[in-house]
Amino acid sequence: MSVVAIVGRPNVGKSSLFNRLIGRKLAIVEDIPGVTRDRLYAETEWDGKRFYLVDTGGIESASPHPFQDVIARQVQMALKECDVVIFLLDGKEGVTAGDEAIAEMLRRSSKPVIVAMNKIDNPKREDNVLDAYSLGFHTVMGISVEHGIGIGDLLDSVVSALPDEGEPDGTDDGVIKLSVVGRPNVGKSSLFNRLIGQERAVVSPIPGTTRDTVDVDVRLGDVDVRLMDTAGMRRKSRVDDPLEYYSVVRTLKAIDRSDVSLVLMDATELLTEQDKRLMLHVEERGKGLIIGVNKWDLLPPREDLGDVIRDQIRDQMPTLSYAPLIFLSAKTGRGVHRLPPLVSRVYENRRRRLKTSDLNRLLRDTLEFERMPGDGKGRYLKVYYATQADTVPPTFIFFVNDRDLADRSFTRRLEKHIRALGDFEGSPVRIWFRNRD
Ligand code: GDP
């Protein structure tokens with residue numbers, strides 16, 4: 001998925017625009033540079049196109065450096081990591097020297113830039129919009145975030161500037177795309193290095209990205225794997241570095257590009273909020289999911305520890321119980337050999353197609369005995385037939401009398417039945433209901 005960044009001087013309204021574009025109620029944004037923000041990126045959609053939006057204003061508040069430097073870095077990072085830049089100006093002030101400086105940096109890149117002049121809520125300021133053309137960009141518009149003026153036009157311009165997405169998911173070149181993701185310090189780079197260190201690795205730049213974003217092709221056992229580059233894999237960054245700030249977006253992009261994601265956790269600090277969010281994100285994206293518990297060497301040797309942790313994870317993440325667990329130590333190498341076959345299995349499972357005869361059997365034999373959900377007034381859900389509409393991930397459509405009758409618990413039970421018919425370990429399964437005409 002593409003990434004769109006909002007850049008501009010402090011206080012031009014970046015965070016307000018961010019909030020407006022992600023469809024949240026306008027947050028109270030004080031007129032103070034560097035107010036703390038709770039959210040720095042979000043996924044949003046316009047006209048059927050989805051993209052990640054980044055509020056680079058967060059860098060200002062996170063950094064102890066002088067403003068000028070911070071803004072320069074903010075813009076440079078945006079250019080490096082993003083596909084489209086929204087350059088926001090303040091219509092009350094018109095074009096300032098600070099804007100000129102930013103414009104110069106933006107002009108040096110080939111990324112599409114959309115100039116939006118904010119706070120254009122009275123006709124007197126419209127001349128300022130014309131001034132903005134002097135910055136040298138094609139697309140210039142006046143908007144008012146506060147009054148909701150011009151936001152739709154801005155979004156139209158943004159989505160028309162988005163690049164075409166790369167190869168669609170599911171294209172099979174025989175190489176399994178694997179992303180290793182997780183919080184900082186869980187051991188991603190240690191594992192990455194262990195995996196590529198033991199085999200000959202071929203480093204391949206990703207088309208359309210900067211030179212230092214590279215995927216690595218490696219043969220692990222008898223499995224060809226492409227390790228997706230994620231932030232902080234090969235290079236450490238400081239916390240106040242904008243690079244760190246973009247690492248979340250990079251992680252999300254890596255997940256998007258992969259078939260299977262290994263969400264790595266630290267065995268001594270399991271199931272943090274961030275861990276859980278990442279796992280749910282992988283599921284939401286329909287990717288294969290493996291849960292990795294790293295730093296196994298730090299735990300006391302106890303025979304039932306694996307089971308205890310397994311129960312704990314299943315307990316806290318009940319909807320992800322299909323995801324296999326792997327216990328390993330990137331440091332000692334213990335358990336790492338079990339990863340490649342597991343990745344390969346999850347990859348296959350995510351492409352699995354059930355036989356129609358199996359699905360029919362499910363309807364005929366299993367659902368016969370199932371308590372069907374009803375409306376409480378004597379009407380019950382009836383399933384007529386089912387079909388597997390898709391793979392990656394496996395998607396099933398159940399044709400019914402009234403889809404509104406299908407509730408969550410019934411869907412969960414259906415999923416269980418489907419998983420009993422075929423090996424879908426590690427793969428999400430999608431279930432849709434459709435009314436039979
Ligand atoms: P990343 O930020 O997720 O890439 O994490 P790193 O790979 O940089 O690891 C963070 C720290 O944890 C480093 O000091 C590693 O040496 C250490 N580490 C990584 N994996 C293991 C492991 O399996 N066991 C132990 N004891 N330490 C580990």
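Scroll up a little and you will see the structure.
Residues numbered from 1 in each chain as written. Predicted model: local features only at pLDDT ≥ 70, side-chain atom pairs only at ≥ 80, totals over all residues. Heavy atoms only, no water.

(A) Focus on helix α10 (residues 305-316). Along its 12 residues, α10 runs 17 Å from first to last C-alpha, staying within 8% of the 16 Å computed at 1.5 Å per residue. Among the residues making up α10, those that are buried are L305, G306, I309 and I313. Down the axis of α10, the buried side of the element spans an arc of 100°, and every buried residue falls inside it. Away from the buried face of α10 by more than 90 degrees, exposed residues D311 and D315 are located. Buried residues belonging to α10 abut β11 (260-266), β12 (288-294) and β13 (325-327). (Helix = DSSP H or I, 4+ residues; strand = E, 2+ residues; numbered from the N terminus. Expected span 1.5 Å × (residues − 1). Buried < 20%, exposed > 50% of the residue type's maximum accessible area, 1.4 Å probe, protein only. Arc of directions from axis to C-beta. Contact = heavy atoms within 4.5 Å.)

(B) Highlighting the site of the ligand. Near the ligand you find 16 residues, and of these N185, K188, S189, S190 and D297 are the closest. N185 places a polar main-chain atom, nitrogen or oxygen, 2.6 Å from an oxygen atom of the ligand. Take D297: an N or O atom from its side chain is 2.7 Å from a nitrogen atom of the ligand. In isolation the ligand offers 570 Å² of accessible surface; the protein chains occlude 78% of this area. In terms of residue class, the shell around the ligand is built from four nonpolar, six polar and six charged. (Near = heavy atom within 4 Å. Polar contact = N/O pair within 3.5 Å; in protein donor to acceptor, adjacent residues only side chain to side chain. Areas by Shrake-Rupley, 256 points an atom, 1.4 Å probe, with all protein chains shown as cover. Nonpolar A, V, L, I, M, F, W, Y, C, P; charged D, E, K, R; others polar.)

(C) The nonpolar core, seen in detail. Counting 29 residues, the largest nonpolar core has V75, F87, L106, V115 and F137 as its most contacted members. At the level of elements, β1 (2-7), β3 (49-55), α3 (67-81), β4 (84-90), α4 (97-107), β5 (113-118) and α8 (242-257) are the ones that each hand at least two residues to this core. Those residues within four positions of L106 in sequence are excluded, and the remaining contacts are V7, V75, L79, V85, F87, V113 and F137. Among the nonpolar cores identified, the runner-up in size contains 27 residues, and I176, L178, L262 and A330 belong to it. (Core = buried A, V, L, I, M, F, W, Y, C linked by side-chain atoms within 4.5 Å.)

(D) Focus on the pattern of salt bridges. All chains considered together, the criterion is met by 26 salt bridges. When the shortest N-O distance is used, the salt bridge between E284 and R285 registers 4.0 Å. With relative accessibility at 17%, the residue R285 sits in the buried group. A salt bridge links D358 to R361; its shortest N-O distance comes to 3.5 Å. Here D358 and its partner R361 are both found in helix α12 (residues 356-366), three residues apart, which amounts to about one turn of the helix. The class of D358 is buried, set by a relative accessible area of 15%. Owing to a relative accessible area of 37%, R361 belongs among the partly exposed residues under this scheme. The network of salt bridges with shared partners includes E43, R50, D256, E284 and R285. (Salt bridge = Lys/Arg side-chain N within 4 Å of Asp/Glu carboxyl O.)

(E) Local environment of the sheet that holds strand β16 (residues 430-435). Overall, mixed pairing links the three strands, which are arranged β14-β15-β16 in an open sheet. The open sheet is flanked by β14 (383-390) and β16, the only strands paired with a single partner. The sheet shows a mean angle of 25° between the axes of neighbouring strands, direction not considered. Both strand β15 (residues 395-400) and β16 contribute to a ladder of six bridges, which runs parallel. By the bridge assignment, F396 is partnered in β16 with I431. Helix α13 (residues 408-421) contacts β14, β15 and β16 of the sheet and is inclined by roughly 120° relative to β16. (Pairing = 2+ DSSP bridges. Axes fitted to C-alpha atoms, helices over the stretch in contact; angles between N-to-C directions.)

(F) Spotlight on helix α11 (residues 339-350). Between its first and last C-alpha atoms α11 spans 16 Å; for 12 residues at 1.5 Å apiece the expected length is 16 Å, and the two agree. For α11, every residue scored as buried is listed here: L339, P340, L342, V343, V346, Y347, N349 and R350.

(G) Here's a closer look at the packing of aromatic side chains. Enumeration over the complete set of coordinates arrives at six aromatic pairs. Geometrically, the ring pair formed by F87 and F137 is edge-to-face, given 6.4 Å between the ring centres and 85° between the ring planes. One end of the pair, F87, is in strand β4; the other, F137, is in the loop between α5 (126-131) and β6 (139-142), with 50 residues separating them in the sequence. Across the pair, exposure class does not vary: F87 and F137 are buried alike. Aromatic side chains W296 and F327 sit 4.5 Å apart centroid to centroid with 35° between the ring planes, which places their arrangement in the tilted category. Taken together, the positions of W296 in the loop between β12 and α10 and F327 in strand β13 put the pair 31 residues apart, joining distant regions of the chain. Three or more aromatic residues joined by ring pairs make a cluster, and in this case those are F398, F410 and F433. It is R436 that lies over the ring of Y384; its NZ or CZ is 3.7 Å from the centre. (Phe/Tyr/Trp six-rings, centres within 6.5 Å; stacked < 30°, edge-to-face > 60°. Lys NZ or Arg CZ within 6 Å of the ring centre and 35° of its normal.)

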